[in-house]
Every structure is written in structure tokens, then in C-alpha cells.
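Structural description and commentary
Read off the chains here:
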Amino acid sequence: MATRRIISQEKTLLDQPDPNSISSASPPQKSNIAPAVPAAVIFKLLAFTFAMMIVPIGSYFATVNTLFKGNSTYAGGLAAIMANVVLIGYVLVAMAEDQSDRLEEEKKQKQEGKKDR
């Protein structure tokens, strides 16, 4: 015959303390609320997004009747080229920013290395 356990005295899984939680003896730490992406990066992305919308469409309508005299094929080709120009510009700006971040980190590491000596 099986015996019955008294369940009311045992702690359930939810009642047991979490081994990963911070103990109540340590003071609560402030959370880091800084944005994951700097504001300058967001502004650059927004600027290139608007440029990607405005530059090709603007170049099409600016040149379809003035430069190409109604030939929409050439104006569309120019709009495609201008979209690629904006895209290449964004890639170059992003690469330059990535290199500048890396150079700043290297300078900080060199300065910390000099301070430790």
C-alpha cells in the first residue's frame, strides 16, 4: 500500500528560492537604461532612409522632361543609378564609422596600458 505525503508542508517549485536570483542581503543594482545604439547612428540611418526615398524619385521627375525630353527609360535608369549612389554612400559612411569606433577603442587600450605601467 502506498503512503500519502503531506503536501502542505513541502515547498512547491514556485515557493523554492531561485538559485540564480540576487540575495536580499545585497543592495539592488541600478539597471542600465542607455540605448543599445547611439543616437548619431539612428540619425544617419534616418537621413539615408529619407535620401533613398527622395533622391531617386526626385531625380526621375527632375530629368524626365528637362534633360531626357520625355524619355522615361533614361530617367528611370538615372533614378536607379542615384539609388545605388545613395546606397554606396551609406555603406561607406558605415564603414568609416566602424573604423573610427575601432580606433577609439585601440587608443583607450593604449592609454590604459600606459597607466598600468
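Residues numbered from 1 in each chain as written. Predicted model: local features only at pLDDT ≥ 70, side-chain atom pairs only at ≥ 80, totals over all residues. Heavy atoms only, no water.

In plain terms, the rule: UniProt positions are given in the numbering used here, feature names are shortened, and annotations may be inferred rather than shown by experiment.
As recorded by an unreviewed UniProt entry, the protein chain carries the name Vacuolar ATPase assembly integral membrane protein VMA21 homolog and is attributed to Triangularia setosa. The UniProt entry for the protein chain carries the following text under Function (unreviewed entry): "Required for the assembly of the V0 complex of the vacuolar ATPase (V-ATPase) in the endoplasmic reticulum." If you open the UniProt record of the protein chain and go to Sequence similarities (unreviewed entry), you find "Belongs to the VMA21 family."

**A short note on the overall build of the protein chain**
For the record, the criterion: By the criteria applied, helices consist of DSSP H or I runs no shorter than four residues and strands consist of E runs no shorter than two, each listed in order from the N terminus. A 1.4 Å probe and the Shrake-Rupley method give the accessible areas. Residues count as covered only by the protein chains that appear here.
The helix and strand inventory of the protein chain stands at two helices and zero strands. Accessible surface computed for the protein chain: about 10,700 Å², of which carbon and sulfur atoms make up 62%.

**Let's talk about the side chain of Thr63**
In plain terms, the rule: Buried residues are those whose accessible area, probed at 1.4 Å on protein chains only, stays under 20% of the maximum for their type, while exposed residues exceed 50% and partly exposed ones sit between those limits. The criterion used for residue contact is that any of the two residues' heavy atoms lie within 4.5 Å.
For Thr63, the location among the structural elements is in helix 1 (residues 39–63). For Thr63, a relative accessible area of 11% gives the class buried. For Thr63, the contacting residues outside a window of four places in its chain are Phe68, Lys69, Ala75 and Leu78.

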